[in-house]
Amino acid sequence: MYNKYLILTLSLFCLIIILPFIGIFSKLNFDFYSLLVFINNTYILKIIYFTFYQAFFSAVLSCLIAIPFALALNRHKNLKIIRYLVSICGFSFVIPSILIVYAVIKLFGINGFYNNYFNFYELFGINSIYGLKAILIAHILLNAPFATRLFFQNLDNIPNKYYEISSSLNLTFFGNIIKLEIPIIKQNLFSVFSIIFSLCFLSFAIVMVLGGSPLNSTIEVAIYQFALFELNFNKAIFLSFIQIFICLIFIFIGFNKMKGSKYFEINNTIYTHPYKNYKFIKLIDYILISILSLFLFSPIVFIILNFFYNGFIENILFTSEFFNALFNSLVISIITGLIVSILGLLITILLIENYKNIIIQQSLFLLTSSILVISPVIFSLGYFIILGEYRYNNFFNFFVIILINSVFLIPFSILILFNNLKNIYLTYEDFQKTFRIKSSDYYLIIFSLIKNNLLYVFAFSSVITFGDFTIISFFKNQNFETLPSLLYKLISAYRFNEASFVAGFILVLSLIIYFFIDNIVYKLKPAKII
């Protein structure tokens, strides 16, 4: 039964991925000599090196920060405040990148909050925040909280009896971490690293604004410049292939580690961590959680405070332009969230059903995640060309924007759902075989154990779509705007007070949607016991 769905899934993804390249290649004039000259260009080589360099260190630093943060949160997860911190960790990742750029400048710039109060520019001999420093800070602010959420989610599945065994063996604090907690983090460490690397490798708004000079450009920025400003599709496509090749290697390495395992069984009891009440450890944990929370969540706090400080601006709030943009944003984000949640679950089930067939499983992993290695600029440009005159029809704009957003977000839904559903499936697999339960009925039975994760996927994908600008930038027109495109138009027209209001409105509404959904369904234990 699952084979026909597998073939249908593979065919659908292949079609969606191939279509934009058909549009792009229709504009391509291949010249082998020009390709050689292009590849040997010193500037292009510098761009490739800088892209790899900043993406690699952004991913490394994000994971290094996330691991101790997740471990500290897990030790005190029975506290109510930890529940909200974990929820905000998920939200930090979905903040529109243009808002992160704004926050980095206002917080870490020469006239920013930290320099005004701590004077660290003079202390460390810094002349400007722009360049690699700002890019790394922005990428860490976006990605470290997301990695923390995923690592915490894995740690949350450790059964109480494993901690009881570690206590009976008198494992030390560090022995407990090395023997018990690090193995569960390693289940998706490489996949998380690969996803973050690819996101930073494909970073656009952050690098374009905070790079500071052409020397700090990435491949994504160069693709945008070649495609939209110079209309040189040859160079844009050549760079895209280089970008795809490098990201594909990291995606394959990361998802190759996500194989089914019975390392941990599913347990539904809340427990007290054996080292939670040690005074010195508790003090260190509280200090670590406080410092990292202040740093990683500072953009959210700053933008919200700035929004309420400036107050409501009536000449933008009560206009048809604003309400139309708000309506379009809500429709696109909600429909995208539903599609990503449903398709992400179905594809995850297909992956788990094929856990014994590693070749098929990894092929499906690679295909569904391959979209992450394609430049969103190139992908949107391809559909922009294919639509032709239909791009002025709002129905087709809605359809294509939802399609592109859904395809780009499905790999994240798989990343969030796969490990938990895999462990649950394998834990109770013997019961399924003993009582000869059909696969469809079996998934209905265990659905209650992963519904919280599924609702988190909906909140995550809805909010990240709500704040997207890259894709909408190709399809917006006078009669079709979303809030991010409206924000961009206000900034371009130097209407900064109104732009500040729209930016704050996007963040506050996104925070309400995400935080409401995530905290109603988020528990410190699975929803039900089988």
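Cut-offs used in this document
- Residues numbered from 1 in each chain as written.
- Predicted model: local features only at pLDDT ≥ 70, side-chain atom pairs only at ≥ 80, totals over all residues.
- Heavy atoms only, no water.
- Helix = DSSP H or I, 4+ residues; strand = E, 2+ residues; numbered from the N terminus.
- Buried < 20%, exposed > 50% of the residue type's maximum accessible area, 1.4 Å probe, protein only.
- Contact = heavy atoms within 4.5 Å.
- Polar contact = N/O pair within 3.5 Å; in protein donor to acceptor, adjacent residues only side chain to side chain.
- Core = buried A, V, L, I, M, F, W, Y, C linked by side-chain atoms within 4.5 Å.
- Patch = residues over 30% accessible without salt bridge, like charges linked within 9 Å, V, L, I, M, F, W, Y side chains within 5 Å.
- Areas by Shrake-Rupley, 256 points an atom, 1.4 Å probe, with all protein chains shown as cover.
- Salt bridge = Lys/Arg side-chain N within 4 Å of Asp/Glu carboxyl O.
- Expected span 1.5 Å × (residues − 1).
- Phe/Tyr/Trp six-rings, centres within 6.5 Å; stacked < 30°, edge-to-face > 60°.
- pLDDT = per-residue confidence, 0-100.
- Axes fitted to C-alpha atoms, helices over the stretch in contact; angles between N-to-C directions.
- Left-handed = near helix turned anticlockwise from the far one by under 90°.

**A few points about the overall build of the chain**
Next up, step 1: When helices and strands are tallied, the chain shows 27 helices and zero strands.
Next up, step 2: Taken over 530 residues, the chain has a buried fraction of 57%.
Next up, step 3: Here the analysis covers contacts within the chain between residues at least 6 apart in sequence; of these, 84% occur between residues at least 24 apart.

**Describing the side chain of Gln 153**
Next up, step 1: Relative to the elements of secondary structure, Gln 153 occurs in helix α8 (residues 132-155).
Next up, step 2: Within the structure, Gln 153 has its side chain in polar contact with the side chain of Asn 453 (distance 3.5 Å).
Next up, step 3: Those residues in contact with Gln 153 that lie beyond four places of it in its chain are Ile 416, Asn 420 and Asn 453.

**Observations concerning the nonpolar core**
Next up, step 1: Phe 91, Val 104, Phe 475 and Leu 483 are the most contacted members of the largest nonpolar core, which totals 172 residues.
Next up, step 2: Sort the elements by how many residues they give to this core and helix α21 (residues 394-427) lands first, with 20 residues.
Next up, step 3: Every residue in contact with Val 104, bar those within four places of it in the chain, is listed here: Gly 109, Ala 134, Ile 137, Ala 138, Leu 141 and Leu 210.

**Brief notes about a nonpolar patch on the surface**
Next up, step 1: There is a patch of nonpolar side chains on the surface, built from Tyr 49, Phe 52, Tyr 53, Phe 56, Phe 57, Leu 61 and Leu 64 and spanning about 650 Å² of accessible area.
Next up, step 2: Relative to the assigned elements, Leu 64 resides in helix α3 (residues 42-75).
Next up, step 3: In this structure Leu 64 comes out as exposed when scored by relative accessible area, which is 54%.

**A few points about helix α19 (residues 358-369)**
Next up, step 1: Taking 1.5 Å per residue, 12 residues should reach 16 Å; α19 reaches 16 Å between its end C-alpha atoms and fits that length.
Next up, step 2: For α19, the complete set of buried residues consists of Gln 361, Gln 362, Leu 364, Phe 365, Leu 367, Thr 368 and Ser 369.

**What to know about the packing of aromatic side chains**
Next up, step 1: Overall, the coordinates contain 20 aromatic pairs when judged by the stated rule.
Next up, step 2: Ring geometry for Phe 322 against Phe 505: centres 5.1 Å apart, planes inclined by 75 degrees, an arrangement best described as edge-to-face. Of this pair, Phe 322 sits in helix α18 (residues 320-353) while Phe 505 is found in helix α27 (residues 496-521), placing the two residues 183 residues apart along the sequence.
Next up, step 3: For Phe 505, a relative accessible area of 17% puts it in the buried group.

**Focus on helix α11 (residues 189-201)**
Next up, step 1: Counted at 1.5 Å a residue, the expected span for α11 with its 13 residues is 18 Å, and the 18 Å between its end C-alpha atoms agrees.
Next up, step 2: Within α11, 10 of the 13 residues are buried, which leaves it mostly tucked inside the rest of the structure.

**Let's talk about the environment of Leu 345**
Next up, step 1: Following the sequence through the fold, Leu 345 ends up in helix α18.
Next up, step 2: Sequence spacing of Leu 345 and Leu 454 is 109 residues, and the spatial spacing of their C-alpha atoms is 7.6 Å.
Next up, step 3: Apart from residues no more than four positions distant in its own chain, Leu 345 is found in contact with Leu 417, Leu 421, Phe 447, Ile 450 and Leu 454.

**Let's talk about the pattern of salt bridges**
Next up, step 1: Overall, the coordinates contain two salt bridges when judged by the stated rule.
Next up, step 2: The closest approach of N and O atoms between Asp 285 and Arg 75, which form a salt bridge, is 2.8 Å. Within this pair, whereas Asp 285 is found in helix α15 (residues 279-296), its partner Arg 75 is found in helix α3, the two being separated by 210 residues in sequence. Pair check on accessibility: Asp 285 and Arg 75 agree, each one buried.
Next up, step 3: Where Asp 156 meets Lys 77, a salt bridge forms, and the shortest distance between an N and an O atom there is 2.3 Å.

**A short note on the confidence of the model for the chain**
Next up, step 1: When pLDDT is averaged along the chain, the result is 78, and 85% of the positions lie at 70 or above.
Next up, step 2: Every residue in residues 258-269 scores below 50 in pLDDT, and together they form 50 contacts with partners more than four places removed in sequence or on other chains.
Next up, step 3: A low-confidence stretch, residues 522-530 stays under pLDDT 50, and its non-local contacts, those more than four residues away or across chains, total 26 contacts.

**What about the packing of α18 against helix α24 (residues 451-466)?**
Next up, step 1: Orientation of α18 relative to α24, taken along the N-to-C sense of each, is 145 degrees, at an axis distance of 8 Å. For the crossing formed where α18 meets α24, the hand is right-handed. Contacts from Leu 326, Ser 329, Leu 330, Ile 332, Ser 333, Ile 334, Thr 336, Gly 337, Leu 338, Val 340, Ser 341 and Leu 345 in α18 reach Leu 454, Val 457, Phe 458, Ser 461, Ser 462, Thr 465 and Phe 466 in α24.

**Focus on the side chain of Ser 485**
Next up, step 1: Considering the arrangement of structural elements, one finds Ser 485 in helix α26 (residues 483-492).
Next up, step 2: A polar side-chain atom of Ser 485 sits 2.8 Å from the main-chain carbonyl oxygen of Thr 482.
Next up, step 3: Other than its neighbours up to four places away in sequence, Ser 485 contacts Phe 469, Ile 472 and Lys 476.

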